[in-house]
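Each chain, written out:
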Amino acid sequence: MTLQPRHPGAPRFDRFTQFTVGFDLDLTLIDSVPGIRAAYEALAAATGTEIDVDLVCSRVGPPLEQELAHWFPAERVDEAADRYRALYPSVAVEASPAMPGAREALAAVRELGGRSVVVTAKYERNARLHLTHLGLAPDAVVGDLWAEAKATALRAHGAAVYVGDHVGDVRGARTAGALSVAVATGPCAAEELRAAGADVVLAGLTAFPEWLRGYRDGAGPLPDGTEESAARA
């Protein structure tokens, strides 16, 4: 394990302070790739559109409409998005398991007296369906926000830390003035997350409870767990 310094403006909290930790959803708390694959396959069949589903699944993170623009003409993107979201609950929710360490990460926040908020680019209704199905119970859920726009919800909930797998999550955290904790479980490699400005990069959420306890107790520099093997989705 190596150490990297904390950036000067990093927020702090201790055992006497109530704090909030934000989490991304896709490839942070849940492995949504099987569900997204099923939903895109259903959309392709329903619309007669050829979609490279493997390519789609390799770049999960950005908003739905951004991905659909690669496969549908501009005038059909909104219609395709509505169709996708309608198909999604019946094919995607049960197919998507929790990421390793997701339950333990949320439990660690709660056990230390904190609150958790999920801030995701996913359609909020479908995000809630995933969390309910998996028995994951954050204190709040905010959907339909991507990258820098996530800062709106993070600020509103007073999040001191934001955990995500994508460089867009790093940008959202830094825009909000929150500590960016990146997990290398999505489409962005650890080096890419670090280059984007992540304050700490962990191999996955299994390392998060120990990191959180150390950070809350002021254990000095942030641990960089990238030398552990990441669970790639």
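Source: prediction; values computed, not measured.

Caption draft 1: Here's a closer look at the packing of aromatic side chains. Following the criterion strictly, the structure yields five aromatic pairs and no others. Ring geometry for Y40 against Y84: centres 4.9 Å apart, planes inclined by 55°, an arrangement best described as tilted. Placement of Y40 in helix α1 (residues 33–47) and of Y84 in helix α4 (residues 77–92) is noted, with a sequence separation of 44 residues between them. Pairing W211 with Y215 gives two aromatic rings, centres 5.0 Å apart and planes at 10°, and the pair type is stacked. Residue W211 and its partner Y215 are both found in helix α10 (residues 208–216); the two are separated by four residues, about one turn of the helix. Owing to a relative accessible area of 3%, W211 belongs among the buried residues under this scheme. Three or more aromatic residues joined by ring pairs form one cluster here, namely F23, F208, W211 and Y215.

Caption draft 2: Examining unusual backbone geometry more closely. Look at D144: it is not a glycine, yet its phi comes out positive at around 65°. Inspection of the secondary structure assignment puts D144 in the loop between β4 (140–142) and α7 (150–156). For D144, a relative accessible area of 44% corresponds to the partly exposed category. One non-glycine residue, A147, lies in positive phi territory at about 55°. Given a relative accessible area of 1%, A147 falls into the buried group.

Caption draft 3: Focus on the environment of F23. Its location among the elements puts F23 in strand β2 (residues 20–23). Through-space distance from the C-alpha of F23 to that of V119 is 6.1 Å; in sequence the pair is 96 residues apart. Sequence-distant contacts of F23, defined by excluding residues within four places in its chain, comprise L29, A105, L106, V109, S116, V117, V118, V119, Y162, V163, L205 and F208.

Caption draft 4: Region of the structure containing the side chain of D26. Relative to the assigned elements, D26 resides in the loop between β2 and α1. Of note is the side chain of D26, whose polar atom sits 2.9 Å from the side chain of S32. For D26, the residues in contact, after removing those within four places along its chain, are S32, I36, V60, K122 and D165.

Caption draft 5: The arrangement of the packing of α1 against α4 in detail. For the pair α1 and α4, interaxial distance at closest approach is 8 Å and the crossing angle is 130°. In terms of orientation, α1 and α4 fall into the oblique class. Note that α1 runs across α4; the crossing there is right-handed. Listed contacts from α4 to G35, I36, A38, A39, Y40, A42, L43, A46 and T47 of α1 are A80, R83, Y84, L87, Y88, V91 and A92. Partitioned by chemical class, the residues of the contact of α1 with α4 number 13 nonpolar, two polar and one charged.

Here is what the cut-offs are and how they apply
- Residues numbered from 1 in each chain as written.
- Predicted model: local features only at pLDDT ≥ 70, side-chain atom pairs only at ≥ 80, totals over all residues.
- Heavy atoms only, no water.
- Phe/Tyr/Trp six-rings, centres within 6.5 Å; stacked < 30°, edge-to-face > 60°.
- Helix = DSSP H or I, 4+ residues; strand = E, 2+ residues; numbered from the N terminus.
- Buried < 20%, exposed > 50% of the residue type's maximum accessible area, 1.4 Å probe, protein only.
- Contact = heavy atoms within 4.5 Å.
- Polar contact = N/O pair within 3.5 Å; in protein donor to acceptor, adjacent residues only side chain to side chain.
- Axes fitted to C-alpha atoms, helices over the stretch in contact; angles between N-to-C directions.
- Parallel < 35°, antiparallel > 145°, perpendicular 65-115°, else oblique.
- Left-handed = near helix turned anticlockwise from the far one by under 90°.
- Nonpolar A, V, L, I, M, F, W, Y, C, P; charged D, E, K, R; others polar.

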